[in-house]
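Chain residues, written in single-letter form:
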Amino acid sequence: MHIVNTIADFRQYQSRKLAAPSSLAFVPTMGALHEGHLNLVRQARELAQQVVVSIFVNPTQFGPVEDYELYPRPLSQDVALLDREGVDLLFLPSVPELYPPGFRTYVTVEEMSERLCGHFRPGHFRGVATVVLKLLHIVQPDLAFFGQKDAQQCIIIRRMVEDLNLNVRIVIAPTVREPDGLAMSSRNRYLSGEERRAATVLFQSLQEAQREVTSGERDAERILQQVRERVAREPLARLQYAEIVSSQDLSEVRKVEGEALLLLAVFVGSTRLIDNTILQVERP
Ligand code: PAF
């Protein structure tokens, strides 16, 4: 695996690649890799000849009181994992290169970025859209991979790619879960033993909601009320939001018809976890 630290070195690698054209898949990450990321890498390897992964803890997507400084950065472990997965190139840009002094240009996907997680994390999706656009611009992949666990992020990125006519196919891979259903996340490592047990409340609430839809419930507010009650029964958990929206554009859904996206953000102790499921009226 090649490792490059600057845009210039990346471009040099890429010009060599263009001399022998092959399809290129890109997996942007913030590191602290887990099975969810490795699953994206494996799918990327199946669909393309070259796989580039980036690790960049993006400061502009963290709020002033969030965990940017504390965010886990186990770089040598991540490098070993990616090497083992047969990644061709790991891109590790620096903050001053991606955000040079005087940086003033941001990308905002309007409305969608202010809802749900965006409401509680102002500026978060502006930071995500900006860095993803920059990385896509530098890497120029044919395919880029994101995880369904960050459903709002996926929908916003798809919108940006369409709005800005970017020549890249966005591939969304299913959420990878622990055996008890907890969605894999780099932030799960913040949980204490008791909190880790309590964190299964997210998956359980999602499953209960799907069961209600399967047994005929269509009213979004009634489904959400059950979710709120389920989370409230877990003493270590505090619901930040639960919403049912369109899986296409995040607009509000009152009646579940066909499919709809149920999203949750829950504090377990002081760790904020998110999860989601696509509620389906008829399960395949
Ligand atoms: O999902 C993430 O890890 C990040 O939001 C991303 C897409 C790498 C942008 O920093």
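One can find the structure itself at the top, above this paragraph.
It should be emphasised that the depicted structure is a prediction, and the values quoted were computed from it without experimental measurement.

Trainee: So what exactly am I meant to see when it comes to the packing of helix α6 (residues 124–139) against helix α7 (residues 151–163) here?
Mentor: Think of two packed helices as two axes; the pair is described by the angle between the axes and how far apart they sit. The N-to-C vectors of α6 and α7 enclose an angle of 55°; their axes lie 10 Å apart at closest approach. Put simply, α6 runs oblique to α7. Relative to α7, α6 is oriented so that their crossing is right-handed. Packed against α6, whose contacting residues are F125, V128, A129, V132, L133 and L136, the element α7 presents Q152, Q153, I156, I157, M160 and V161 at the interface. Along the lines of polarity and charge, the residues of the contact of α6 with α7 split into ten nonpolar, two polar and no charged.

Trainee: Just checking my understanding: could you explain the site of the ligand for this structure?
Mentor: Around the ligand lies a shell formed by P28, T29, M30, N58, Q61, V131, V132, F146, D150 and Q153. Note that an oxygen atom of the ligand is positioned 2.6 Å from one of the side-chain N or O atoms of Q61. The side chain of Q153 places a nitrogen or oxygen atom 2.7 Å from an oxygen atom of the ligand. In the complex, 89% of the free accessible area of the ligand, which totals 290 Å², lies under the protein chains. For the shell around the ligand, the elements supplying multiple residues, two or more each, are β2 (24–29) and α6. When the residues that make up the shell around the ligand are grouped by side-chain class, the tally is five nonpolar, four polar and one charged.

Trainee: Which parts of the structure should I look at to understand the environment of R177?
Mentor: The residue R177 is located in the loop between β6 (169–173) and α8 (193–198) in this model. For R177 and F120, which are 57 residues apart along the polypeptide, the C-alpha to C-alpha distance reads 25 Å. A polar atom in the side chain of R177 sits 2.8 Å from the backbone oxygen of G181. Side chain to side chain, R177 and D275 meet in a polar contact 2.8 Å long.

Trainee: I keep staring at the side chain of N188 and nothing clicks. Help me out?
Mentor: Tracing the backbone shows N188 in the loop between β6 and α8. N188 gets classed as buried once you look at its relative accessible area, which sits at 12%. Once residues within four sequence positions are removed from consideration, N188 is found in contact with L182, A183 and L273.

Trainee: It is not clear to me how the sheet that holds strand β3 (residues 50–55) should be interpreted in this structure. Could you clarify?
Mentor: Strand order in this open sheet of six strands is β1-β4-β3-β2-β5-β6, and the pairing throughout is parallel. Among the strands making up the open sheet, the edge pair consists of β1 (2–4) and β6. Between one strand axis and the next, the sheet turns by 25° as a mean value, whatever way the strands run. As judged from the two bridges shared by β2 and strand β5 (residues 143–147), these two strands associate in the parallel manner. Its bridge partner being in β5, F26 is matched across the sheet by A144. Its contacts with the sheet put α6 on β2, β3, β4 (89–91) and β5, and the angle it makes with β2 is roughly 150°.

Trainee: What's the story with empty space enclosed by the protein in this structure? I'm lost.
Mentor: One water molecule sets the probe size; rolling that probe over the atoms shows where empty space is left. With the rule as written, the count across this model stands at one cavity of 30 Å³ or more. There is about 40 Å³ of room inside the largest cavity. Along its surface, the largest cavity is lined by K149, L182, A183, S185, N188, L202, L273, I274 and D275. Of the residues forming the lining of the largest cavity, the biggest block, three residues, is contributed by strand β9 (residues 271–280). Partitioning the lining of the largest cavity into residue classes produces five nonpolar, two polar and two charged.

Trainee: Where do I start with the pattern of salt bridges in this structure?
Mentor: Side-chain pairing between opposite charges can occur once the charged atoms of the two side chains come close. Counting across every chain of the model gives 15 salt bridges. With its nearest N and O atoms 2.8 Å apart, the salt bridge here joins D275 to R177. One end of the pair, D275, is in strand β9; the other, R177, is in the loop between β6 and α8, with 98 residues separating them in the sequence. For E221, the salt bridge goes to R228, with nearest N and O atoms at 2.9 Å. Residue classification places E221 among the partly exposed positions, given a relative accessible area of 44%. A residue is classified by how much of its surface remains accessible, and R228, at 29% relative accessible area, is partly exposed. Sharing partners across several salt bridges, the network here consists of E35, R42 and E85.

Cut-offs used in this document
Residues numbered from 1 in each chain as written. Predicted model: local features only at pLDDT ≥ 70, side-chain atom pairs only at ≥ 80, totals over all residues. Heavy atoms only, no water. Axes fitted to C-alpha atoms, helices over the stretch in contact; angles between N-to-C directions. Helix = DSSP H or I, 4+ residues; strand = E, 2+ residues; numbered from the N terminus. Parallel < 35°, antiparallel > 145°, perpendicular 65-115°, else oblique. Left-handed = near helix turned anticlockwise from the far one by under 90°. Contact = heavy atoms within 4.5 Å. Nonpolar A, V, L, I, M, F, W, Y, C, P; charged D, E, K, R; others polar. Near = heavy atom within 4 Å. Polar contact = N/O pair within 3.5 Å; in protein donor to acceptor, adjacent residues only side chain to side chain. Areas by Shrake-Rupley, 256 points an atom, 1.4 Å probe, with all protein chains shown as cover. Buried < 20%, exposed > 50% of the residue type's maximum accessible area, 1.4 Å probe, protein only. Pairing = 2+ DSSP bridges. 1 Å grid on protein atoms, 1.4 Å probe; cavity = no way out; pocket = protein on both sides within 12 Å on 5 of 7 lines; lining within 4 Å. Points joined across faces, edges and corners; volume = space filled by probe spheres on them. Salt bridge = Lys/Arg side-chain N within 4 Å of Asp/Glu carboxyl O.

Functional significance is not addressed by these values, which are geometric in nature.
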